[in-house]
Amino acid sequence: MTLHTALVKIEEEKISSEKAKKFILSEKNGAESIFVGRVRNANSGRKVTAVTYDAHDQAVIKSFQSICSDAKSKFDKDANIFLEHAKGHVPVGEISILIAVGSRHREEAFKICRYILEEIKHQTPIWKKEHYVEGKEEWLPGHSLRPKEEIK
Amino acid sequence: MLSDKEILHIELPNNSNIEKLRRALNKIISEKYLKNNLQNLSKTAAFFSEADEVITDNYKLKDKELISIIPPIGGG
């Protein structure tokens, strides 16, 4: 198996970079690229304590698999890809997304990693609510999936 | 945010399309949920079919079809 994608319920399980490294390891590959996204402690001048991620689970998995398959077709069909995204309440400093890619060469490994991240931001139905130090919380404005020609 | 249940039931005339569903959603929001910062939802939301694919405004709805309302996304 060369592809692993999952939406991880963070209250039950952690996203593990060790698991990702093991998954992509292969003697045929000379390059590994790993992207780790974490919840940071500030956004737009507000102090953040955590982010809650919600998702349309079934559509997320379908989207992850489609994006990863596209990435393999575009850059390296033999690449090993591990992709996990958190769902639930993620405190500052914890991992929200991990993308690990094993490929023959560094260029393809970097490109696949970047491609997957950008496509997730533009295609995958995941929503983000920030929690602030003063106790308030707010869903962040996002990117509409409605076809552009329909928005007047 | 639009219902205390997972599913929001909306009744529409036969042969309605997504555009009609969008208008119905806008009416529900204007009547009940303006305080929840949802005033733009009917304009910015996408709709997914049961196969989890984006469907456009001219898509004809089937009887008892389950449609997902997808607000603007922001993962990663």
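Attention in this report is confined to the structure presented alongside it.

Criteria and cut-off values
Every chain begins its residue count from 1, and numbering advances along the sequence as written. Written order determines the labels here, with chains lettered from A and ligands numbered from 1. Under the rules for a predicted model, residues below a pLDDT of 70 receive no local features and side-chain atom pairs below 80 are neither given nor counted, while totals for whole chains, interfaces and linings still include all residues. We call two residues in contact when their backbone-placed C-beta atoms lie within 7 Å. Comment: elements are numbered from the N terminus, with helices defined as DSSP H or I runs of at least four residues and strands as E runs of at least two. For this scheme, ten residues count as nonpolar: Ala, Val, Leu, Ile, Met, Phe, Trp, Tyr, Cys and Pro. Four count as charged, namely Asp, Glu, Lys and Arg, and the remainder, Gly too, count as polar. Lines fitted to C-alpha atoms define the axes here, with helix axes fitted over just the stretch in contact, and angles between the N-to-C directions of these axes take values from 0 to 180 degrees. What makes a crossing left-handed is the near helix being turned counterclockwise from the far one by less than a right angle; a clockwise turn instead makes it right-handed. Given a helix with a known number of residues, its expected span is that number minus one, times 1.5 Å. Exposed residues have 12 or fewer other C-beta atoms within 10 Å of their own C-beta, buried residues have 20 or more, and partly exposed residues fall in between, where C-beta atoms are placed from the backbone. Arc definition: it is the arc formed by the directions from the helix axis to the C-beta atoms.

1. A look at the interface of chain B and chain A
One widely used convention gives an interface's size as the accessible area the parts lose upon coming together.
And step 1. Each partner contributes residues to the interface: chain B has 17 residues there, and chain A has 26 residues.
And step 2. Counting only elements with at least two residues in the side of chain B that touches chain A, the list comes to helix 2 (41-44), strand 1 (46-48) and strand 3 (68-70) of chain B.
And step 3. Residue classes in the side of chain B that touches chain A are distributed as 8 nonpolar, 6 polar and 3 charged.

2. Brief notes about the packing of helix 2 (residues 57-75) of chain A against helix 3 (residues 106-123) of chain A
Residues and elements named next belong to chain A.
And step 1. Look at helix 2 against helix 3: their axes get within 10 Å of each other, and the N-to-C directions meet at 145°. The crossing of helix 2 and helix 3 is right-handed. Note on element contacts: helix 3 touches helix 2 through E108, K111, I112, Y115, I116, E119, I120 and Q123, opposite S63, I67, C68, A71, K74 and F75.

3. Topic: helix 3 of chain A
Residues and elements named next belong to chain A.
And step 1. Taking 1.5 Å per residue, 18 residues should reach 26 Å; helix 3 reaches 26 Å between its end C-alpha atoms and fits that length.
And step 2. Where helix 3 is concerned, the buried positions are E108, A109, I112, C113, I116, I120 and Q123. The arc that holds the buried residues of helix 3, viewed along the axis, is 135°, so those residues lie on one side. Of the residues in helix 3, the exposed ones pointing more than 90 degrees away from the buried face are R106 and E118.
And step 3. On its buried side, helix 3 packs onto strand 2 (31-38), helix 2, strand 5 (80-91) and strand 6 (95-103).

So, to be careful, I would describe these as geometric facts and stop short of saying anything about function.
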